[in-house]
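Notes for the structure review
Each chain, letter by letter, is given below.
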Amino acid sequence: MGIAELLLIAVGLSMDAFAVSICRGLGMRRLNLRTAAVLALFFGGFQALMPLIGWALGSQFMWLIGPVDHWVAFVLLAFIGGKMLWGAFREEGEDGGCEDTSAIDLREFLVLAVATSIDALAAGISFAALNVDIVASVSLIGAITFALSLAGVAVGHFFGARYEKPASVVGGVVLILIGLKVLLEHLGVLAA
């Protein structure tokens, strides 16, 4: 897997955190950079930690999933992408899924970070199947999630909820297409 694919996966995985960051920004009367930075650290840290955990688990069971690794990668990435698309198009409440925000709440940030990074755990399993450089991958995912989370708070504060749905749609489609590319390359339909 090349740097372009890793970059797209990192962006795709960070879209949930970006959408939640937009929600946090919506509730700020004035842009609070301290709150944005703490939230971005939580999101970036967990988005980097979860694929590392998934990779470690996947590496332990590679003997089992090795013969079907391309299918595992495809199913996991397609599932993650499909889940993001489902969330983007399902009916939401009047507030668009965003709650009022006013201060740093470490417990809430922890719950949000874990919830938005579960998909990254599954991606880490596919990284083990694809023999990806895990240090570079988790570093890239963490850094991009951190940056997009900061940007999400600012976007939410300045532009409102308009971009929450498009961000989830783009992230979901990107992950599905990368999974499909992995499968088609392994099956010989596309050149690697």
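Quick caveat, the model's predicted, so the values are computed rather than measured.

What follows deals with the side chain of S21. Assignment of secondary structure puts S21 in helix 1 (residues 3-26). Assessed through its relative accessible area of 0%, S21 is described here as buried. From its side chain, S21 meets the backbone oxygen of S149 in a polar contact 3.4 Å long. S21 has contacts with L39, F43, S149, G152 and V153, leaving out every residue within four places of it along the chain.

Together, L49, L52, I53, L57, F61, W63 and L64 line one region of the surface with nonpolar side chains, adding up to about 690 Å² of accessible area. Elements represented by at least two residues in the nonpolar patch include exactly helix 2 (33-60) and helix 3 (62-65). Broken down by element, the nonpolar patch gets its largest block of residues, 4 residues, from helix 2.

Now for the environment of S59. Of note, S59 is situated in helix 2. Counting along the chain gives 66 residues from S59 to I125, while the straight-line C-alpha distance between them is 7.7 Å.

On to the UniProt feature "transmembrane region" (unreviewed entry) in the protein. As recorded in UniProt, the sites labelled "transmembrane region" (unreviewed entry) are residues 6-26, 38-58, 70-89, 109-128, 134-155 and 167-184. Between the C-alpha atoms that bound residues 38-58 there is a distance of 30 Å. The span itself is 100% helix and 0% strand. Helix makes up 100% of residues 109-128 and strand 0%, and the two end C-alpha atoms of the span are 28 Å apart.

Our next topic: the nonpolar core. Formed by 28 residues in total, the largest nonpolar core has its most connected members in I9, L13, F18, I80, F127 and L175. If you list the elements that add at least two residues to this core, you get helix 1, helix 2, helix 4 (69-89), helix 5 (106-130), helix 6 (134-159) and helix 7 (164-186). By residue number, the principal contributor to this core is helix 1, which donates 7 residues. Leaving out residues up to four positions away in the same chain, L175 has contacts with I9, G12, L13, L77, I80, G81 and M84. Counting residues in each nonpolar core, the second largest holds 11 residues, with A17, L39, L112 and V153 among its members.

The next subject is the packing of helix 2 against helix 6. Between helix 2 and helix 6, the least distance of the axes is 8 Å, while the angle of their chain directions is 155 degrees. Judged by the angle between their axes, helix 2 and helix 6 are roughly antiparallel. For the crossing formed where helix 2 meets helix 6, the hand is right-handed. Contact residues: A36, A37, L39, A40, L41, F43, G44, Q47, A48, P51, L52 and W55 in helix 2; I134, V138, I141, G142, T145, F146, S149, L150 and V153 in helix 6. Split into classes, the residues belonging to the contact of helix 2 with helix 6 amount to 16 nonpolar, 5 polar and no charged.

Here I125 lies in helix 5. In this structure, the C-alpha to C-alpha distance between I125 and G58, residues 67 residues apart in sequence, is 4.6 Å.

Let's shift gears to the packing of aromatic side chains. Per the stated rule, a full pass over the model turns up 1 aromatic pair. With a centroid separation of 6.0 Å and 75 degrees between ring planes, the pair formed by F42 and F109 is classed as edge-to-face. Of the two residues, F42 is situated in helix 2 and F109 in helix 5; the sequence distance between them amounts to 67 residues. For F109, a relative accessible area of 0% gives the class buried.

On to the environment of M84. You can see M84 is positioned in helix 4. Here M84 falls in the buried class, since its relative accessible area comes to 3%. With 88 residues separating them along the chain, M84 and G172 place their C-alpha atoms 5.0 Å apart.

Helix length check: helix 1 (24 residues) gives 33 Å between terminal C-alpha atoms against 34 Å at 1.5 Å per residue, within 8%. Along helix 1, the largest kink reaches about 40 degrees and is centred on M15. Taking burial as the measure, the 24 residues of helix 1 include 18 buried ones, the bulk of the element.

Calculation notes
Residues numbered from 1 in each chain as written. Predicted model: local features only at pLDDT ≥ 70, side-chain atom pairs only at ≥ 80, totals over all residues. Heavy atoms only, no water. Helix = DSSP H or I, 4+ residues; strand = E, 2+ residues; numbered from the N terminus. Buried < 20%, exposed > 50% of the residue type's maximum accessible area, 1.4 Å probe, protein only. Polar contact = N/O pair within 3.5 Å; in protein donor to acceptor, adjacent residues only side chain to side chain. Contact = heavy atoms within 4.5 Å. Patch = residues over 30% accessible without salt bridge, like charges linked within 9 Å, V, L, I, M, F, W, Y side chains within 5 Å. Areas by Shrake-Rupley, 256 points an atom, 1.4 Å probe, with all protein chains shown as cover. Salt bridge = Lys/Arg side-chain N within 4 Å of Asp/Glu carboxyl O. UniProt positions renumbered as here; feature names shortened; annotations may be inferred. Core = buried A, V, L, I, M, F, W, Y, C linked by side-chain atoms within 4.5 Å. Axes fitted to C-alpha atoms, helices over the stretch in contact; angles between N-to-C directions. Parallel < 35°, antiparallel > 145°, perpendicular 65-115°, else oblique. Left-handed = near helix turned anticlockwise from the far one by under 90°. Nonpolar A, V, L, I, M, F, W, Y, C, P; charged D, E, K, R; others polar. Phe/Tyr/Trp six-rings, centres within 6.5 Å; stacked < 30°, edge-to-face > 60°. Expected span 1.5 Å × (residues − 1). Bend = angle between axes of the 7 residues up to and from the residue.

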